[in-house]
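Examining the three-dimensional arrangement
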Amino acid sequence: GPEPRDANSRLPKGPGPGVTDQQEAELLRALEDKRPDEARDLKRLKEESPREYRLALAAAWKAYQFWKDMPSDVQKAHETLVRVKVEAWRASRLYLAATDPTQKEKLRSQVQDLLGQEFDADQIIREYRLNQLEEQLKRLRNELKERADRRSQVIDQSLADLLAAKGRPRADGEMRRP
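Scope of this entry: the structure provided in the associated data block. (Residues numbered from 1 in each chain as written. Predicted model: local features only at pLDDT ≥ 70, side-chain atom pairs only at ≥ 80, totals over all residues. Heavy atoms only, no water.)

Helix-helix packing is described using two parameters, namely the angle between the two axes and the distance between the axes. It is at 8 Å that the axes of helix α4 (residues 72-97) and helix α5 (residues 101-149) come closest, and there the two elements cross at 155 degrees. Taken together, the axes of α4 and α5 lie roughly antiparallel to each other. Along this stretch, α4 crosses α5, giving a crossing that reads as left-handed. Grouping the constituent residues of the contact of α4 with α5 by class yields 17 nonpolar, five polar and eight charged. (Axes fitted to C-alpha atoms, helices over the stretch in contact; angles between N-to-C directions. Helix = DSSP H or I, 4+ residues; strand = E, 2+ residues; numbered from the N terminus. Parallel < 35°, antiparallel > 145°, perpendicular 65-115°, else oblique. Left-handed = near helix turned anticlockwise from the far one by under 90°. Nonpolar A, V, L, I, M, F, W, Y, C, P; charged D, E, K, R; others polar.)

Attention now goes to the nonpolar core. Core analysis: the biggest nonpolar cluster contains 19 residues, and Leu27, Leu42, Leu57 and Tyr64 have the highest contact counts within it. Secondary-structure elements contributing two or more residues to this core are α1 (21-34), α2 (36-48), α3 (50-68), α4 and α5. Those residues within four positions of Leu27 in sequence are excluded, and the remaining contacts are Leu42, Leu57, Ala60, Trp61 and Tyr64. (Core = buried A, V, L, I, M, F, W, Y, C linked by side-chain atoms within 4.5 Å. Buried < 20%, exposed > 50% of the residue type's maximum accessible area, 1.4 Å probe, protein only. Contact = heavy atoms within 4.5 Å.)

Turning our eyes to something else, we now look at the packing of α2 against α3. Put simply, α2 and α3 touch, their axes get as near as 6 Å, and they point 145 degrees apart. Where α2 crosses over α3, the two elements pack in a sense that is left-handed. Contact with α2, carried on its side by Leu42, Leu45, Lys46 and Glu48, involves Pro50, Glu52, Tyr53, Ala56 and Leu57 of α3 and no other residues of that element. Here the residues of the contact of α2 with α3 are counted per class, giving six nonpolar, no polar and three charged.

This part takes up a nonpolar patch on the surface. Judged by side-chain polarity, Leu159, Leu162 and Leu163 come together as a nonpolar surface patch covering roughly 330 Å² of accessible area. Residue placement: Leu163 occurs in helix α6 (residues 151-163). Taking relative accessible area as the criterion, Leu163 reaches 69% and is therefore assigned exposed. (Patch = residues over 30% accessible without salt bridge, like charges linked within 9 Å, V, L, I, M, F, W, Y side chains within 5 Å. Areas by Shrake-Rupley, 256 points an atom, 1.4 Å probe, with all protein chains shown as cover. Salt bridge = Lys/Arg side-chain N within 4 Å of Asp/Glu carboxyl O.)

Take the pattern of salt bridges next. This model, assessed by the stated rule, comprises 11 salt bridges. Measuring nitrogen to oxygen at the nearest pair gives 3.4 Å for the salt bridge that ties Glu38 to Arg35. Judged by its relative accessible area of 37%, Glu38 falls in the partly exposed class. Close ionic contact of Glu87 with Arg83 constitutes a salt bridge, the shortest N to O distance being 3.2 Å. Here Glu87 and its partner Arg83 are both found in helix α4, four residues apart, which amounts to about one turn of the helix. Residue classification places Arg83 among the partly exposed positions, given a relative accessible area of 38%. Taken together, the shared-partner salt bridges in this structure form one network comprising Asp41, Arg44 and Glu48.

Here is the structure:
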């Protein structure tokens, strides 16, 4: 008779949705270098649950694509942000559990310091993102100006396409070419 199938048997083989073997290796090398705990967790997941591993790998690859192109100071700020968020939360739990006023004050000061580090790291990341958006706006403004400069050519091409039945208008106003 037919063999029993588990949830993993219906999934395609391979590293993850849209992730090649080469990309998987690149990601794991980067994680081993920058985030060894995450690399270890991902490798353990691969052994324990191939299905969950493929999904986690795809998500990690997407995040890595964003992260790997950041300047090193922004990467460092991102790593700091992640680390101090966890440390601040842990210290806040210790503060809430503490009964000694001296200990509570030390922990409060520690949480405050960690929140300062979190703020500073977040400012670096926000500045980077703002610069990226400014560059994107500059590119888009240039494209818009170039398109305006080509107004008559764009209209002539659209006219020729419509009259030759070479395309249909799309929802965004551009022509859908066959």
